Amino acid sequence: MDEPERLEEASAGVQERVRASFDQQGPMAHLGARLTRIAPGVVHIALPARPEVTQQHGYFHAGATSSIADSAGGYAAFTLFPEDTELLTVEYKINLLAPALGDRLEAVGTVLKAGRTLTVCQLEVFAALDDGTRKLVANGQQTLIRVSRTAQ
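Below or above, wherever it landed, is the structure these notes cover. (Residues numbered from 1 in each chain as written. Predicted model: local features only at pLDDT ≥ 70, side-chain atom pairs only at ≥ 80, totals over all residues. Heavy atoms only, no water.)

Focus: the pairing of strand β5 (residues 118-128)
No. 1: In terms of burial, β5 is largely enclosed, as eight of its 11 residues are buried.
No. 2: Bridging between strand β4 (residues 104-114) and β5 involves 10 bridges; their strand directions are antiparallel. Residue pairing in the sheet places glutamate 106 in a bridge with phenylalanine 126 of β5.
No. 3: For β5 and strand β6 (residues 134-148), the ladder comprises 11 bridges, and the chain directions are antiparallel. (Buried < 20%, exposed > 50% of the residue type's maximum accessible area, 1.4 Å probe, protein only. Helix = DSSP H or I, 4+ residues; strand = E, 2+ residues; numbered from the N terminus. Pairing = 2+ DSSP bridges.)

See below:
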């Protein structure tokens, strides 16, 4: 299911912080993923279809699907965290519901419960066509831990 549309976008500062962190993620760059929405507690990531992210039958690979889901949830939580903190995924479970075939995947991370230490997110991944058609192909849940930013 689609999450209810939230009209608000994250503040410019939060968007800048999320984009700067996302741009440092080698796996997201390697996959060709990009941020498409940053709102308080909600982040969308798109992954265009190309041979490097598909498996032998032409479907998006489960590894690519779960990677963008994990990052979407992580960045959704990151939008709610104080500036001097970071996060790490503690665990996540993903159910692959249908073969992922489309022009792109769209991962949606939504914060279900933001806590002082642990945050729980819902993960959804849709196979999308350029005509706007979307099909839910994966969903899951994730737990993240907030940590103090380490000195670089």
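We are not done yet, so read on.
Quick notes on the packing of aromatic side chains
No. 1: As enumerated under the stated definition, the model contains two aromatic pairs in all.
No. 2: Ring geometry for tyrosine 75 versus phenylalanine 78: centroids 6.0 Å apart, planes at 80 degrees, classification edge-to-face. Here tyrosine 75 and its partner phenylalanine 78 are both found in helix α3 (residues 62-78), three residues apart, which amounts to about one turn of the helix.
No. 3: Taken together, the aromatic side chains of Phe22, Tyr75 and Phe78 make up a single cluster linked through ring pairs.
No. 4: Positioned above the aromatic ring of phenylalanine 126 is the side chain of arginine 134, whose terminal nitrogen or guanidinium carbon lies 3.9 Å from the ring centre.
No. 5: Positioned above the aromatic ring of phenylalanine 81 is the side chain of arginine 146, whose terminal nitrogen or guanidinium carbon lies 5.0 Å from the ring centre. (Phe/Tyr/Trp six-rings, centres within 6.5 Å; stacked < 30°, edge-to-face > 60°. Lys NZ or Arg CZ within 6 Å of the ring centre and 35° of its normal.)

Topic: the pattern of salt bridges
No. 1: Tallied over the full model, the rule gives six salt bridges.
No. 2: In this structure, arginine 149 and glutamate 86 form a salt bridge, with 3.3 Å as the shortest nitrogen-oxygen distance. Of this pair, arginine 149 sits in the segment after β6 while glutamate 86 sits in strand β3 (residues 85-96), and the two are 63 residues apart along the sequence.
No. 3: Residue classification places arginine 149 among the partly exposed residues on the basis of a relative accessible area of 38%.
No. 4: Residue glutamate 106 pairs with arginine 104 through a salt bridge whose shortest N-O separation is 2.9 Å.
No. 5: Overall, glutamate 106 belongs to the buried group, its relative accessible area being 16%.
No. 6: Of the residues examined, arginine 104 reaches a relative accessible area of 19% and is grouped as buried.
No. 7: In this structure, a network of salt bridges that share partners links the residues Arg104, Glu106, Asp130 and Arg134. (Salt bridge = Lys/Arg side-chain N within 4 Å of Asp/Glu carboxyl O.)

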